[in-house]
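One letter stands for each residue in the lines below.
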Amino acid sequence: QLIFEQLRDRVDAPRDVRVEAGYNLGLLLARRGKSEEAVRVWWEVVHPLLQEDTQPFESDAKRPYWLARTLRDLGDLLEKLDRREDAKAAYRLLLDKRLPYGEAVAKTRLEQLGVLPPKS
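As for its position among the elements, Arg-72 is in helix H4 (residues 63-80). The exposure class of Arg-72 is buried, given its relative accessible area of 16%. If sequence neighbours within four positions are ignored, Arg-72 has contacts with Tyr-91, Leu-94, Tyr-101 and Val-105.

What follows concerns the environment of Ala-68. Tracing the chain through its elements places Ala-68 in helix H4. Separated by 22 residues in sequence, Ala-68 and Val-46 place their C-alpha atoms 9.0 Å apart. Among all residues touching Ala-68, those that are not within four sequence positions of it are Leu-94, Leu-99 and Tyr-101.

Moving on: unusual backbone geometry. Phi at Asp-82 is positive, roughly 60°, even though this residue is not glycine. In this structure, Asp-82 sits in the loop between H4 and helix H5 (84-96). Judged by relative accessible area, which is 60%, Asp-82 ranks as exposed. For Arg-98, which is not a glycine, the phi torsion comes out positive at approximately 55°. Along the polypeptide, Arg-98 turns up in the loop between H5 and helix H6 (103-112). Since its relative accessible area comes to 75%, Arg-98 is described here as exposed.

This next bit is on the packing of helix H1 (residues 2-9) against helix H2 (residues 15-31). One can describe the packing of H1 onto H2 by two numbers: an axis separation of 8 Å at closest approach and a directional angle of 145°. The handedness of the crossing between H1 and H2 comes out as left-handed. Where H1 abuts H2, its residues Phe-4, Glu-5, Leu-7 and Arg-8 lie against Val-17, Arg-18, Ala-21, Gly-22, Asn-24, Leu-25 and Leu-28. Looking at side-chain class alone, the contact of H1 with H2 contains 6 nonpolar, 2 polar and 3 charged residues.

Turning to the confidence of the model for the protein chain, a few remarks are in order. Low pLDDT means the predicted atomic positions in that stretch should not be read closely. Averaged over every residue, the pLDDT of the protein chain is 87; the share at 70 or more is 87%. Within the protein chain, the lowest mean pLDDT, 85, falls on H6, and the highest, 94, falls on H2.

On to the pattern of salt bridges. Side-chain pairs of opposite charge can arise where the charged atoms are in close proximity. Considering all chains together, one arrives at 11 salt bridges under this definition. In this structure, Asp-9 engages Arg-8 in a salt bridge whose closest nitrogen and oxygen atoms are separated by 2.8 Å. Between Arg-72 and Asp-73 there is a salt bridge, with its nearest N and O atoms 2.7 Å apart. The structure contains a network of salt bridges with shared partners spanning Glu-36, Arg-83 and Asp-86.

Quick notes on the rules
- Residues numbered from 1 in each chain as written.
- Predicted model: local features only at pLDDT ≥ 70, side-chain atom pairs only at ≥ 80, totals over all residues.
- Heavy atoms only, no water.
- Helix = DSSP H or I, 4+ residues; strand = E, 2+ residues; numbered from the N terminus.
- Buried < 20%, exposed > 50% of the residue type's maximum accessible area, 1.4 Å probe, protein only.
- Contact = heavy atoms within 4.5 Å.
- Axes fitted to C-alpha atoms, helices over the stretch in contact; angles between N-to-C directions.
- Left-handed = near helix turned anticlockwise from the far one by under 90°.
- Nonpolar A, V, L, I, M, F, W, Y, C, P; charged D, E, K, R; others polar.
- pLDDT = per-residue confidence, 0-100.
- Salt bridge = Lys/Arg side-chain N within 4 Å of Asp/Glu carboxyl O.

This is the structure in C-alpha cells:
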C-alpha cells in the first residue's frame, strides 16, 4: 500500500505511473473492505486528469486504459455501496471522455440504471 501511495503522490513520476499506482491503491483498499477509502482514492485519480488535463494523450500513453479501468471499477463499487447517482457519474465520465476500455460495460450499466434507453 505504501509503495502505491508513494508512486501516486510523486510529482516527478510519469503521469502513466501515477495513474496506474492510484488505480492499484484503490483496488487494494476495496479488496481490504475499505470501500469508502477506495472511492476517495479513485475519484482523486480521475478528477484532475480528466477534468483539468486538456492535453491530448500521447500516442503511447497508458493513462487512457488505467483511467477507464478506474472509472469502470469505481462505478461498480459505487453501485455496490448503493450510491447510484455517483455510479452514473463515473460511467458517464467514462463515455464522455471516450476512453478505450469499458465503454460497453458503462453503456450496459447506464441502461440498467435507467439513464440510457435499452438497446433494441
